[in-house]
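A closer look at the structure
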Amino acid sequence: MKASIHKITAIAMALLVLFSTMSFTVDMHYCGDHLVDFSLSRNVDTCLMNAKMTKSASDCPMMEMKMDCCSDVEVVFEGHDDLKLSLDHFSFDQHVLVASFVYAYISLFEGFEADEVYYKDYSPPPLIRDVQVLHQTFLI
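Residues numbered from 1 in each chain as written. Predicted model: local features only at pLDDT ≥ 70, side-chain atom pairs only at ≥ 80, totals over all residues. Heavy atoms only, no water.

Within an unreviewed UniProt entry, the label attached to the protein reads DUF2946 domain-containing protein, and the organism entered is Maribacter flavus.

Right, dumping it as structure tokens:
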């Protein structure tokens, strides 16, 4: 239970950082009060009212309307860029601190001799009689 809560919290925090640094643009096209088209990745398609008329006005009575009823709306969501740290802003004292921390951290993990056998001169006591059978104490 506790491990699953930690995993959910870690995923939520990672998504929070991802979405707070991401920026995107939403383009919307309105004709009057009605949303005609919207896009997240490209420019929106405008409606037929803004198209160039090649036919005469008598062929298409819809084109005789005023062209000022359409509008394009662009909403920009800017992400935060303050999470990016560059190494050229560190002072000499901070470089020394990081270098000494890394050196001290690496020196914690010194190797040891695994080939040393400390019990090679030890011999077990001689087994004269089986004490567990004698006292009838058995591990179950």
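Overview of the sheet that holds strand β1 (residues 24-31)
Strands pair in a sheet through their backbones, by hydrogen bonds, and they do so in one of two ways: parallel or antiparallel. The strand order β2-β1-β3 describes an open sheet built from three strands, whose pairing is antiparallel. Each end of this open sheet is capped by a strand with a single partner; those strands are β2 (34-39) and β3 (70-77). Going across the sheet, the axis of each strand differs from the next one's by a mean of 20 degrees, ignoring polarity. Pairing of β1 with β2 involves five bridges; the strand directions are antiparallel. Bridge pairing in β2 links Y30 to L35. (Pairing = 2+ DSSP bridges. Helix = DSSP H or I, 4+ residues; strand = E, 2+ residues; numbered from the N terminus. Axes fitted to C-alpha atoms, helices over the stretch in contact; angles between N-to-C directions.)

Structural notes on the UniProt feature "signal peptide" (unreviewed entry) in the protein
Per the UniProt record, the feature "signal peptide" (unreviewed entry) sits at residues 1-25. The straight-line gap between the two end C-alpha atoms of residues 1-25 is 40 Å; of that span, 80% is helix and 8% is strand. (UniProt positions renumbered as here; feature names shortened; annotations may be inferred.)

So, a nonpolar patch on the surface
Together, I11, L15, L18, F19, M22, F24, L35, F38, L40 and F77 line one region of the surface with nonpolar side chains, adding up to about 980 Å² of accessible area. At the level of secondary structure, the elements contributing two or more residues to the nonpolar patch comprise α1 (2-21) and β2. Structurally, M22 is set in the loop between α1 and β1. Under the relative-accessibility criterion, M22 is labelled partly exposed at 35%. (Patch = residues over 30% accessible without salt bridge, like charges linked within 9 Å, V, L, I, M, F, W, Y side chains within 5 Å. Areas by Shrake-Rupley, 256 points an atom, 1.4 Å probe, with all protein chains shown as cover. Salt bridge = Lys/Arg side-chain N within 4 Å of Asp/Glu carboxyl O. Buried < 20%, exposed > 50% of the residue type's maximum accessible area, 1.4 Å probe, protein only.)

Observations concerning the packing of aromatic side chains
The full count for this structure, using the stated rule, is three aromatic pairs. Centre to centre, the rings of F24 and F77 are 4.9 Å apart; their planes meet at 40 degrees, and the pair counts as tilted. Taken together, the positions of F24 in strand β1 and F77 in strand β3 put the pair 53 residues apart, joining distant regions of the chain. By relative accessible area, F24 is classed as partly exposed at 35%. Between Y105 and F109 the ring centres are 5.4 Å apart and the planes differ by 80 degrees, which places this aromatic pair in the edge-to-face class. The exposure class assigned to Y105 is partly exposed, which follows from its relative accessible area of 47%. Cluster of aromatic residues (ring-pair linked, three or more members): F101, Y105 and F109. (Phe/Tyr/Trp six-rings, centres within 6.5 Å; stacked < 30°, edge-to-face > 60°.)

Some details on the pairing of β1
Both β1 and β3 contribute to a ladder of eight bridges, which runs antiparallel. Counterpart to H29 in the pairing with β3 is D72. Linking two consecutive strands that pair antiparallel, namely β1 and β2, is a turn of two residues; a positive phi of about 70 degrees is found at G32 within it.

Some words on the side chain of D27
By secondary structure assignment, the location of D27 is in strand β1. Those residues in contact with D27 that sit more than four places away from it in its chain are D37, F38, S39, R42, N43, V44, V73 and E74. (Contact = heavy atoms within 4.5 Å.)

Re the side chain of S39
Locating S39 in the fold gives a position in strand β2. Residue classification places S39 among the buried residues on the basis of a relative accessible area of 7%. With residues up to four places along the chain from it excluded, the contact list for S39 reads T25, V26, D27 and V44.

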